[in-house]
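# Secondary and tertiary structure notes
Spelled out, the chains give:
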Amino acid sequence: MAEGRLPSFMVIGAVKAATTWIGHQLRHHPMLWLPDAEPHFFSSEYARGVDWYRSLFAGAPADRIVGEKSADYLAHPEAAGRISALLPGIPLIVQLRDPVERAYSDYCMLYRRGQVGGDPRHYLDGRVAAGGRFLEGGRYAHHIRRLYEHIPGQQLQIILYDDIRREPEAVIARVCEHIGVPVHIAPEAVDDRRNDSRAPTLPLPLRRILRPARPLLDPMRSNPWLARVWTSLARPVRYPPLTEELRAMLRDYYRDDIRDLATLLKRDLSGWLCNDRAVA
C-alpha cells in the first residue's frame, strides 16, 4: 500500500464559488494540511486507484489533519457515491454561488486559458448548451439531492458565496467547527480572494508557444530578469461581456432549481432570481 493517509475532510465545490479562497484559509490553520493541487480523485482521476490517492497525502506532517479540495466533485455524477464508499462519515464543505455569476465566471476562466471561444452564448444558452459544464455546474438542488442519496445531511456544511462576501470570518469559523478543529483565522489571509481573473497575463499566442517550455520556465519565475520580461509583456484579459439578454436567459434556466434549493436549504435565494443583479 502506498504511504500516506486518506483525508479527514473535503471541500467539494462548486467550481468558481470561492473554493480556492476557503482552501487558502484552511492551509493557514496550524492543525490542517491540504495538497496544493486539486486531486480530482473522485471525479476524473478515479481510475488511478486508492494507492495513488493516498500517496498525495504522504508529505503531510504527522501532527496535521489532512484534507483536500476538488471543486468538481459536487457536479460529478459519481463522486458522491465514491466518496461515501471510501470515506463514510467524512465532513464535506459545499460552496454555492449565484448560478448565473458562477456560469459566466467559469466561462471566463476557460476563455482566459484559451479553451473556449469568444461567444458566451455558445456555452451559456440553455437551448444549445444544456448539459454542458457551464450550465450543469450551477444546478445545485439537483446535485445536493444526489449527495443526500449517499451522504447524511449533517456531514455537509453548505456555504453561500454571498456569506463569504458579508462575513468571511464567520464562514471560516463555521468550517473549522464542521471539521472539528479550533477556530483559527489568519487576518492576512481573509481578504486574499485568490482570484487571478483580473491579473494581467501573457497574450494567448505567446502562452501557446511557451507551453512546451513550462517545466523549465516555471521554476525560474522568481528570477528578476524573467519577472521584468513577463511584466513588460503581460496584458489584462478583455473578457466577452455577458449581455442583458443572455443574463435573463440564464436566470430563467436556473429558476426552478433555485426555488428547489431555497426549499432544501431553508434560505431566501430570491436575489438569485433578479435580472438586475450584477454579475461580479
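This text gives an overview of the structure that appears in the document. (Residues numbered from 1 in each chain as written. Predicted model: local features only at pLDDT ≥ 70, side-chain atom pairs only at ≥ 80, totals over all residues. Heavy atoms only, no water.)

Our focus in this paragraph is the overall build of the protein. When helices and strands are tallied, the protein shows 15 helices and 6 strands. Scored against the burial criterion, the 280 residues of the protein give a buried share of 45%. Here the contacts in the protein between residues at least 6 apart in sequence split such that 77% fall between residues at least 24 apart. (Helix = DSSP H or I, 4+ residues; strand = E, 2+ residues; numbered from the N terminus. Buried < 20%, exposed > 50% of the residue type's maximum accessible area, 1.4 Å probe, protein only. Contact = heavy atoms within 4.5 Å.)

A word on the pairing of strand 5 (residues 92–96). Taking burial as the measure, the 5 residues of strand 5 include 5 buried ones, the bulk of the element. Of the two faces of strand 5, the one carrying Leu92, Val94 and Leu96 and the one carrying Ile93 and Gln95 are both buried. In this sheet, strand 5 lies alongside strand 1 (residues 10–11) in parallel orientation, the contact comprising 2 bridges. Bridge pairing in strand 5 places Val11 opposite Ile93. Of the pairings in the sheet, the one linking strand 5 to strand 6 (residues 156–160) comprises 5 bridges and is parallel in character. Looking at the pairing, Gln95 lines up with Ile159 of strand 6. (Pairing = 2+ DSSP bridges.)

Note that Thr19 resides in helix 1 (residues 19–27). With sequence-adjacent residues up to four places away left out, Thr19 is seen in contact with Val11, Gly13, Ala14, Lys69, Ala71 and Gln95.

Let's shift gears to the sheet that holds strand 6. Here we have 4 strands laid out as an open sheet, ordered 4-1-5-6, and parallel in their pairing. The open sheet has two edge strands with one neighbour each: strand 4 (68–69) and strand 6. The pairing of strand 1 with strand 4 spans 2 bridges and is parallel. Residue pairing across strands places Met10 opposite Glu68, the latter belonging to strand 4. The sheet contacts of helix 8 (residues 140–150) involve strand 5 and strand 6, and relative to strand 6 the element is tilted by about 170°. (Axes fitted to C-alpha atoms, helices over the stretch in contact; angles between N-to-C directions.)

Further remarks concern the layout of surface pockets. Vacant regions in the atomic arrangement are exposed by a probe of water-molecule size rolled over the atoms. Considering only enclosed or pocket space, the second largest pocket measures out at about 160 Å³ in volume. Lining the second largest pocket, in full, are Ala14, Val15, Ala71, Asp72, Leu74, Ala75, Arg102, Asp106, Arg133, Glu136 and Gly137. At the level of secondary structure, the elements contributing two or more residues to the lining of the second largest pocket comprise helix 4 (99–112) and helix 7 (133–136). (1 Å grid on protein atoms, 1.4 Å probe; cavity = no way out; pocket = protein on both sides within 12 Å on 5 of 7 lines; lining within 4 Å. Points joined across faces, edges and corners; volume = space filled by probe spheres on them.)

A few words now on the packing of helix 8 against helix 15 (residues 244–265). Contact pair helix 8 / helix 15: the axes reach a minimum separation of 7 Å and the direction vectors enclose 45°. On the basis of their axis angle, the class for helix 8 and helix 15 is oblique. Contact with helix 8, carried on its side by Tyr140, Ala141, His142, Ile144, Arg145 and Tyr148, involves Asp257, Asp260, Leu261 and Leu264 of helix 15 and no other residues of that element. Classifying every residue of the contact of helix 8 with helix 15 gives 6 nonpolar, 1 polar and 3 charged. (Parallel < 35°, antiparallel > 145°, perpendicular 65-115°, else oblique. Nonpolar A, V, L, I, M, F, W, Y, C, P; charged D, E, K, R; others polar.)

Following the criterion strictly, the structure yields 16 aromatic pairs and no others. Taking the centre distance of 5.7 Å and the plane angle of 35° together, the rings of Tyr107 and Tyr123 count as tilted. Of the two residues, Tyr107 sits in helix 4 while Tyr123 sits in helix 5 (residues 121–124), which places them 16 residues apart along the sequence. An aromatic cluster is present here, built from Trp33, Phe41, Phe42, Tyr46, Trp52, Tyr53, Phe57 and Tyr73 joined pairwise through their rings. The ring of Tyr46 has Arg82 sitting right over it, with the charged end atom 4.1 Å from the ring centre. Here the guanidinium or amino end of Arg97 rests over the ring plane of Tyr161, the centre of that ring lying 4.4 Å away. (Phe/Tyr/Trp six-rings, centres within 6.5 Å; stacked < 30°, edge-to-face > 60°. Lys NZ or Arg CZ within 6 Å of the ring centre and 35° of its normal.)

This part is about helix 3 (residues 79–86). Every buried residue belonging to helix 3 is among Ala79, Ala80, Arg82 and Ile83, and all of these are buried. Here the buried residues of helix 3 occupy an arc of 165° about the axis, which is enough to place them on one side. Close packing links the buried residues of helix 3 with strand 1, strand 5 and helix 8. (Arc of directions from axis to C-beta.)

Purely geometric numbers; function is a separate question.
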